Amino acid sequence: MKSRLIFLGGPGAGKGTQAQRLAEKLGIPQVSTGDLLREAAAQGTELGLAAKTFMDKGALVPDKVVVGLVQQRVAQDDCRKGWILDGFPRTLPQAQELDETLKAVGQRLDLVIEVNVPDSVIVKRLTGRRICRGCSAPYHVEFAPAKVADKCDKCGGELYQRADDNEKTVQERLEVYHKQTEPLIGYYRNQGLLKQVDATGPIDGIFRQIEDLVAVGQT
Ligand SMILES: [Zn+2]
């Protein structure tokens, strides 16, 4: 069983959902840099507040901030059996730094799963998202519309679009992803660690592909 995993994928590719499901199934933590950053921001630490100014713009947070948080996290007790990194590394220098960190603590990366979705599909998914102001229920104008336009089915609250989900910001995030993260794909492929999953279909089918990859070599 492979239990030290990285999930790669662009914004809106669904890698967080898949990573969470796999983490529950394997009984290991899902280490999401988004969560780490949000917690740090909410706690108002220096690193957290620095991160927040970048996140508010839809930009990537600088390496030194993210690396510091991840290093602390994978060293914790609940990560002994394994972990799934979701949203990290995002750049080649981060990947190289992660390799060094793992070597130092005697851990080894088992598998890198790239959750692959075409940009045009991502744009449609993200720009159509709406969220209820009252209860935070998620909707999608095409794939999961509310019964009454712009009103929450559950509480009648107003539906809104997150600032991050407008088309310009989504395109910018995709560009950043391709430019910064795609070199990682070659890096991990060269190490024989990379597997790709076609993530345009239903969530359950994608998860089965991932389960198969994780179980390979299991005895
Ligand atoms: Zn609601």
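Look up: the structure comes first, before these words.
No experiment lies behind these values; they were computed from the predicted model shown.

A.B. asks: Help me out: how do you make sense of the nonpolar core in this one?
C.D. replies: Where a protein is soluble and globular, its nonpolar side chains tend to be buried together. Core analysis: the largest hydrophobic core is formed by 30 residues, its most contacted members being Ile6, Leu8, Trp83, Leu85, Leu109, Val112 and Tyr188. Elements represented by at least two residues in this core include exactly β1 (4–8), α2 (33–43), α4 (63–74), β3 (83–86), α5 (92–104) and α7 (167–190). The residues contacting Leu109, other than those within four sequence positions of it, are Arg4, Leu5, Ile6, Trp83, Leu102, Tyr188 and Leu193. Core analysis: the next-biggest nonpolar cluster, separate from the first, contains 25 residues, Phe7, Ala19, Ala23 and Ile210 among them.

A.B. asks: How do you make sense of the coordination of the zinc ion when you look at a structure like this?
C.D. replies: Those protein atoms acting as donors to the zinc ion are Cys132 (SG), Cys135 (SG), Cys152 (SG) and Cys155 (SG), and they sit at 2.3 Å. Its four donor atoms give the zinc ion angles of 95 to 116° at the centre, a pattern that matches the tetrahedral case. Here the donor residues of the zinc ion share one chain and are spaced in sequence as C-x2-C-x16-C-x2-C. A residue pair is termed long-range when its members are at least 10 positions apart, and Cys135 in the loop between β5 (129–132) and β6 (138–140) and Cys155 in the loop between β6 and β7 (159–160) qualify at 20 residues. The exposure class of Cys135 is partly exposed, given its relative accessible area of 37%. Judged by relative accessible area, Cys155 falls into the partly exposed class, the value being 43%.

A.B. asks: What am I meant to see in the side chain of Asp110 here?
C.D. replies: As for its position among the elements, Asp110 is in the loop between α5 and β4 (111–116). Overall, Asp110 belongs to the buried group, its relative accessible area being 14%. A distance of 3.0 Å separates the side chain of Asp110 from the backbone nitrogen of Ser3, its partner in a polar contact. At 3.2 Å, the side chain of Asp110 forms a polar contact with the side chain of Arg108. Beyond its immediate chain neighbours, meaning those up to four positions away, Asp110 contacts Lys2, Ser3, Arg4 and Leu193.

A.B. asks: Teacher, can you tell me more about the packing of aromatic side chains here?
C.D. replies: The geometry of an aromatic ring pair comes down to the distance between the two centres and the angle between the two planes. Enumeration according to the criterion identifies one aromatic pair in this entry. Seen from their ring centres, Tyr187 and Tyr188 are 5.2 Å apart, and the 70° between their planes marks the pair as edge-to-face. No difference in accessibility class separates Tyr187 from Tyr188, as the two residues are buried. For Arg21, the ring lying beneath its charged end belongs to Phe207, and the centroid distance is 4.4 Å. Above the ring of Tyr160, the side-chain terminus of Arg133 is found at 4.5 Å from the ring centroid.

A.B. asks: Explain the packing of α2 against α4 to me, please; I cannot follow it from the model alone.
C.D. replies: Geometrically, a packed helix pair is captured by the angle between its two axes and the distance between the axes. The N-to-C vectors of α2 and α4 enclose an angle of 100°; their axes lie 10 Å apart at closest approach. As the angle between them shows, α2 and α4 are arranged roughly perpendicular. Each of Thr33, Leu36, Leu37 and Ala40 in α2 lies in contact with α4, whose residues at this interface are Val65, Val66, Leu69, Val70 and Arg73. Of the residues that constitute the contact of α2 with α4, the class distribution is seven nonpolar, one polar and one charged.

A.B. asks: Help me understand the sheet that holds strand β2 (residues 30–32), please; the structure alone is not making it clear to me.
C.D. replies: Sheets are built from strands paired through backbone hydrogen bonds, the pairs being either parallel or antiparallel. As summarised here, the arrangement of the five strands in space is β2-β3-β1-β4-β8, forming an open sheet in which the pairing is parallel. Unpaired on one side and paired on the other, β2 and β8 (194–198) mark the two borders of the sheet. If you compare each strand with its neighbour and ignore which way they point, the axes differ by 25° on average. Sheet strands in contact with helix α1 (residues 15–26) are β1, β2, β3 and β4, and its direction is about 165° off that of β1.

Reading the values: rules and limits
- Residues numbered from 1 in each chain as written.
- Predicted model: local features only at pLDDT ≥ 70, side-chain atom pairs only at ≥ 80, totals over all residues.
- Heavy atoms only, no water.
- Core = buried A, V, L, I, M, F, W, Y, C linked by side-chain atoms within 4.5 Å.
- Buried < 20%, exposed > 50% of the residue type's maximum accessible area, 1.4 Å probe, protein only.
- Helix = DSSP H or I, 4+ residues; strand = E, 2+ residues; numbered from the N terminus.
- Contact = heavy atoms within 4.5 Å.
- Donors = N, O, S within 2.8 Å, 3.2 Å for Na, K, Ca; no water.
- Tetrahedral: all angles 85-135°; square planar, octahedral: opposite > 155°, others 65-115°.
- Polar contact = N/O pair within 3.5 Å; in protein donor to acceptor, adjacent residues only side chain to side chain.
- Phe/Tyr/Trp six-rings, centres within 6.5 Å; stacked < 30°, edge-to-face > 60°.
- Lys NZ or Arg CZ within 6 Å of the ring centre and 35° of its normal.
- Axes fitted to C-alpha atoms, helices over the stretch in contact; angles between N-to-C directions.
- Parallel < 35°, antiparallel > 145°, perpendicular 65-115°, else oblique.
- Nonpolar A, V, L, I, M, F, W, Y, C, P; charged D, E, K, R; others polar.
- Pairing = 2+ DSSP bridges.

Remember, this is a structural readout, not a statement about activity or role.
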